[in-house]
Amino acid sequence: MRRPNIVVFLVDDMGWQDCSVPFDRQRTLLNQRFRTPAMERLAASGVKMTSAYTSPVCTPSRVSMITGMNVTRHHVVNWTSPFRDQNTDNPDRELQSVVWNHNGLSPVAGIPSTIHATPLPWILSQAGYYTIHVGKAHWGSSGTPGSNPLALGFQVNIAGKSTGHPQSYLSEENYGNVPQKPTINAVSDLQEYHGTGIFLTEALTREALRALDAPVRNGQPFFLHLSHYAVHTPIMADPQYLQRYLRQGLDSVEAAYATLVEGMDKSLGDLLDYLRDRKVEENTVIVFLSDNGGLSLAPPRGGQPHTQNLPLRAGKGSVYEGGIRDPILIRWPGVTQPGTSIHVPIHVDDLFPTLLDMARITDARPLQTVDGQSIVPLLNGRRRDLGERIFYWHYPVKWIDSDGPGINFHSAIRRGDWKLVVSLRTGKKELYHLRDDLREAHDLAAVRPDKVQELAAALSDRLREMGSPMPRVRATGMPLPYPDGQ
Ligand code: CA
């Protein structure tokens with residue numbers, strides 16, 4: 001039997017509520033605000049994963065996705081700088097930054113401050129897949145092999161490098177390629193779209209579909225990693241969608257943000273149409289996901305800070321649900337049940353073993369130990385859960401210059417419906433029961449000290465076992481204690 005084609009449609013910084021598909025138990029005001037008909041179409045023909053997780057920011061999630069390693073193992077704890085050997089952590093008066101793999105992922109051993117692992121596209125390529133990367137990469141810093149998708153096993157790379165956001169979405173600004181003001185964040189490879197009036201998201205979509213023509217024509221299985229720069233900052237309006245959102249009364253920033261979302265959705269729709277028209281949709285798996293929660297800093301978002309992902313608390317950078325809950329949709333024709341939901345918690349660490357399982361690659365021998373687990377038994381209905389699983393988040397650095405809810409020097413653990421949120425700086429531990437309290441509004445630490453102790457011990461054991469770095473106190477040079485106090 002032929003291996004299925006695989007499309008990973010990755011959106012940058014898209015929140016769990018940034019769509020018209022309801023991922024919560026009921027439709028929300030945000031579901032009414034955003035217009036994403038293609039996501040609705042995908043949800044109607046596939047399955048919605050309502051409790052899926054990522055890391056709080058880009059690179060840690062992206063490294064997990066293509067290696068299957070959890071952040072507590074790969075130690076790429078923060079986003080990587082576009083420049084080699086530069087740590088992106090904000091300085092802190094009390095705490096010293098930890099030593100982490102700040103150059104990101106590398107397929108080659110011996111690159112300082114990188115994690116060395118066998119990446120997913122390389123394995124797929126070895127198994128006969130035609131592997132295409134389009135858009136944002138951000139797996140490693142410039143001057144390391146991890147910055148180049150071609151070194152990670154992709155046979156085609158369009159516009160992917162070490163950078164985490166575009167200088168501009170506008171062709172009128174050549175996507176940031178302005179001769180007098182060269183910038184690392186200028187988007188590469190799209191010269192033929194400069195000055196054409198074509199928004200970046202649309203240009204990447206056209207390139208992705210063009211790149212698919214060869215494998216579709218040749219009947220070769222393909223792996224397309226279509227990784228949009230949208231909806232990351234800079235929040236720039238896509239003019240063709242703007243009026244609708246201004247008419248809704250949104251402020252100019254939130255209206256512009258909604259246009260980035262709708263443009264991303266148009267891309268998904270074009271992709272779905274392409275697969276249908278080329279008669280390959282029946283043998284193509286689509287995984288739609290984001291790499292972290294929606295940005296909730298205001299500014300640069302509009303509105304009140306940390307309300308942009310309601311009912312979830314906080315947003316990107318936070319270990320609260322708003323920073324880590326991911327709107328994942330999966331369509332696997334003949335396997336997933338159309339229009340259904342799966343509420344079992346999963347993690348982006350699971351993508352690596354899941355895609356290998358879907359591709360029926362059983363002889364991969366990756367260098368790394370894989371933390372994720374294949375979710376195929378959930379998708380094909382053979383199992384209702386994957387047993388008791390524990391999920392970990394570890395963000396032992398300072399992301400932004402001001403502290404926000406669950407932001408900077410935080411870790412977390414989820415086991416069953418219980419979640420423990422730990423401030424590494426203060427040692428404060430908060431306990432939430434997510435089934436009853438998705439908003440993380442009712443801290444139960446005082447009434448369930450047994451549960452706090454159990455989860456703090458499990459998290460600490462994991463961090464110690466993995467050698468996960470802890471921040472040090474500047475005044476003493478000593479590392480902070482683990483969440484269990486030891
Ligand atoms: Ca991101």
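Residues numbered from 1 in each chain as written. Predicted model: local features only at pLDDT ≥ 70, side-chain atom pairs only at ≥ 80, totals over all residues. Heavy atoms only, no water.

Asker: What exactly am I supposed to notice about the overall build of the protein here?
Answerer: The number of helices and strands found in the protein is 12 helices and 17 strands. Computed over the C-alpha atoms, the radius of gyration of the protein is 21 Å, within 12% of the 23 Å expected from 2.2 N^0.38 for a compact globule of 486 residues. Taken over the C-alpha atoms alone, the protein extends approximately 60 × 55 × 50 Å along its principal axes. Taking all 486 residues of the protein together, the buried fraction comes to 62%. (Helix = DSSP H or I, 4+ residues; strand = E, 2+ residues; numbered from the N terminus. Rg over C-alpha atoms; globule rule 2.2 N^0.38 Å. Buried < 20%, exposed > 50% of the residue type's maximum accessible area, 1.4 Å probe, protein only.)

Asker: Whenever I open this one, helix H2 (residues 37-45) confuses me. Can you help?
Answerer: Every α-helix carries 3.6 residues per turn, so stepping three or four residues along brings you back to the same face. Every buried residue of H2 is accounted for by Ala38, Met39, Leu42 and Ala43. The buried residues of H2 all sit within an arc of 140° when viewed along its axis, so they share a single face. Packing partners of the buried residues in H2 comprise strand E2 (47-53), helix H8 (252-277), strand E9 (284-290) and strand E10 (325-331). (Arc of directions from axis to C-beta. Contact = heavy atoms within 4.5 Å.)

Asker: Would you mind showing me how to read the sheet that holds strand E13 (residues 390-395) here?
Answerer: Think of a sheet as strands paired side by side through backbone hydrogen bonds, with each pair either parallel or antiparallel. Spatially, four strands are ordered E13-E14-E15-E16 in an open sheet, and the strand pairing comes out antiparallel. Since the sheet does not close on itself, it has two edges, and those belong to E13 and strand E16 (429-433), each with one partner. Each strand axis lies, on average, 10° off the axis of its neighbour in the sheet, ignoring direction. Pairing analysis gives five bridges linking strand E15 (residues 418-423) to E16, with the strands arranged antiparallel. Residue Lys419 lies in a different strand from E16, and its bridge partner there is Tyr432. Across the face of the sheet, helix H12 (residues 449-465) comes into contact with E13, strand E14 (410-415), E15 and E16 while running at roughly 115° to E14. (Pairing = 2+ DSSP bridges. Axes fitted to C-alpha atoms, helices over the stretch in contact; angles between N-to-C directions.)

Asker: Looking at this structure, how should I read the pairing of E15?
Answerer: Remark: a regular strand shows side chains that alternate across the two faces of the sheet. The element E15 is extensively covered by neighbouring structure, given that six of its six residues are classed as buried. Pairing geometry for E14 and E15, over six bridges, is antiparallel. Paired with Ile413 across the two strands is Leu420, which belongs to E15. Connecting E14 to the antiparallel partner E15 that follows it, the hairpin turn spans two residues, and Gly416 within it adopts a positive phi of roughly 60°. Adjacent in sequence and paired antiparallel, E15 and E16 are bridged by five residues, among which Gly427 carries a positive phi angle near 80°.

Asker: Any chance you could explain the packing of H2 against H8 here in plain terms?
Answerer: Describing two packed helices takes the angle between their axes plus the distance from one axis to the other. For the pair H2 and H8, interaxial distance at closest approach is 7 Å and the crossing angle is 50°. Between H2 and H8, the crossing angle belongs to the class labelled oblique. Residues Pro37, Ala38, Met39, Arg41 and Leu42 of H2 form the contact with H8, whose own contacting residues are Met264, Asp265, Leu268, Gly269, Leu272, Asp273 and Arg276. Tallied by class, residues from the contact of H2 with H8 come to seven nonpolar, one polar and four charged. (Parallel < 35°, antiparallel > 145°, perpendicular 65-115°, else oblique. Nonpolar A, V, L, I, M, F, W, Y, C, P; charged D, E, K, R; others polar.)

Asker: It is not clear to me how the coordination of the calcium ion should be interpreted in this structure. Could you clarify?
Answerer: Four donors placed tetrahedrally around a metal ideally meet at 109.5 degrees, and six donors placed octahedrally ideally meet at 90 or 180 degrees. Within the protein, the calcium ion binds to Asp12 (OD), Asp13 (OD), Cys58 (SG), Asp291 (OD), Asp291 (OD) and Asn292 (OD1); these donor distances fall in the range 2.2 to 2.6 Å. Geometry at the calcium ion is irregular, judged from its six donor atoms and the angles of 52 to 155° they form at the metal. Linear spacing of the donor residues for the calcium ion on their chain is D-D-x44-C-x232-D-N. Remark: Asp291 occurs in the loop between E9 and helix H9 (321-324) and Asp12 occurs in the loop between strand E1 (5-11) and helix H1 (29-33); sequence separation between them is 279 residues. As far as the burial class goes, Asp12 and Asp291 line up, both buried. (Donors = N, O, S within 2.8 Å, 3.2 Å for Na, K, Ca; no water. Tetrahedral: all angles 85-135°; square planar, octahedral: opposite > 155°, others 65-115°.)

Asker: Any chance you could explain the layout of surface pockets here in plain terms?
Answerer: One way to see where empty space is left: roll a probe the size of a water molecule over the atoms. Here the largest pocket defines a volume of roughly 650 Å³. Around the largest pocket, the lining comprises 30 residues; the ones closest to its centre are Arg25, Ser51, His343, Arg414 and Arg435. Residues belonging to the lining of the largest pocket are distributed by class as follows: 10 nonpolar, seven polar and 13 charged. Split by domain, the residues of the lining of the largest pocket number at least three in each of domain 1 (5-379) and domain 2 (390-473). Taken as a whole, the second largest pocket holds about 340 Å³ of empty space. Every residue lining the second largest pocket is counted, 20 residues in all, and those nearest its centre are Trp79, His165, His232, Thr233 and Lys316. In the lining of the second largest pocket, the residues fall into 10 nonpolar, seven polar and three charged. (1 Å grid on protein atoms, 1.4 Å probe; cavity = no way out; pocket = protein on both sides within 12 Å on 5 of 7 lines; lining within 4 Å. Points joined across faces, edges and corners; volume = space filled by probe spheres on them. Domains from an automatic or database assignment.)

Asker: Honestly, unusual backbone geometry in this entry has me stumped. Any pointers?
Answerer: When glycine is set aside, most residues are seen to have a negative phi, and most peptide bonds are trans. The omega angle of the peptide bond from Ala298 to Pro299 is -10°, so this bond is cis rather than trans. Between Leu310 and Pro311 the backbone carries a cis peptide bond, its omega angle lying at 15°. Residue placement: Pro311 occurs in the loop between E9 and H9. Phi angles above zero are rare outside glycine, and Ala159 is one such case at about 70°. Note that Ala159 resides in the loop between strand E7 (156-158) and helix H6 (200-218). Although it is not a glycine, Ala314 sits at a positive phi angle of roughly 65°.

Asker: Please clarify how the packing of helix H7 (residues 239-247) against H8 should be interpreted in this entry.
Answerer: Interaxial distance between H7 and H8 falls to 8 Å at its minimum, and their mutual angle equals 130°. When the interaxial angle is binned, H7 and H8 end up oblique. Here H7 and H8 pass one another in a crossing that is right-handed. Of the residues in H8, those touching H7 at Tyr241, Leu242, Arg244, Tyr245 and Leu246 are Ser252, Ala255, Ala256, Ala258, Thr259, Glu262, Gly263 and Lys266. (Left-handed = near helix turned anticlockwise from the far one by under 90°.)

Asker: Can you help me understand the domain arrangement of the protein in this one?
Answerer: Accessible area lost during the coming together of the parts is what is often quoted as the interface size. Considered domain by domain, the protein is made up of domain 1 (5-379) and domain 2 (390-473). On a C-alpha basis, the centroid separation for the pair domain 1 and domain 2 is 25 Å. Between domain 1 and domain 2, the residue contacts involve 48 residues of the former and 41 residues of the latter. Of the roughly 3,800 Å² buried between domain 1 and domain 2, counting both surfaces, carbon and sulfur atoms make up 60%. Three residues, Thr72, Val319 and Tyr320, lead the burial of domain 1 against domain 2; their summed loss comes to 17% of the area buried on that side. The interface formed by domain 1 and domain 2 includes five salt bridges. For Lys419, the salt bridge identified is with Glu321, shortest N-O distance 2.9 Å. The interface formed by domain 1 and domain 2 includes 23 residue pairs in polar contact (both at pLDDT 80 or more). Secondary structure elements with two or more residues in the side of domain 1 that touches domain 2: E2, helix H4 (71-74), strand E3 (95-96), H9 and strand E12 (346-347). (Buried area = accessible area lost by both parts, 1.4 Å probe. Salt bridge = Lys/Arg side-chain N within 4 Å of Asp/Glu carboxyl O. Polar contact = N/O pair within 3.5 Å; in protein donor to acceptor, adjacent residues only side chain to side chain.)

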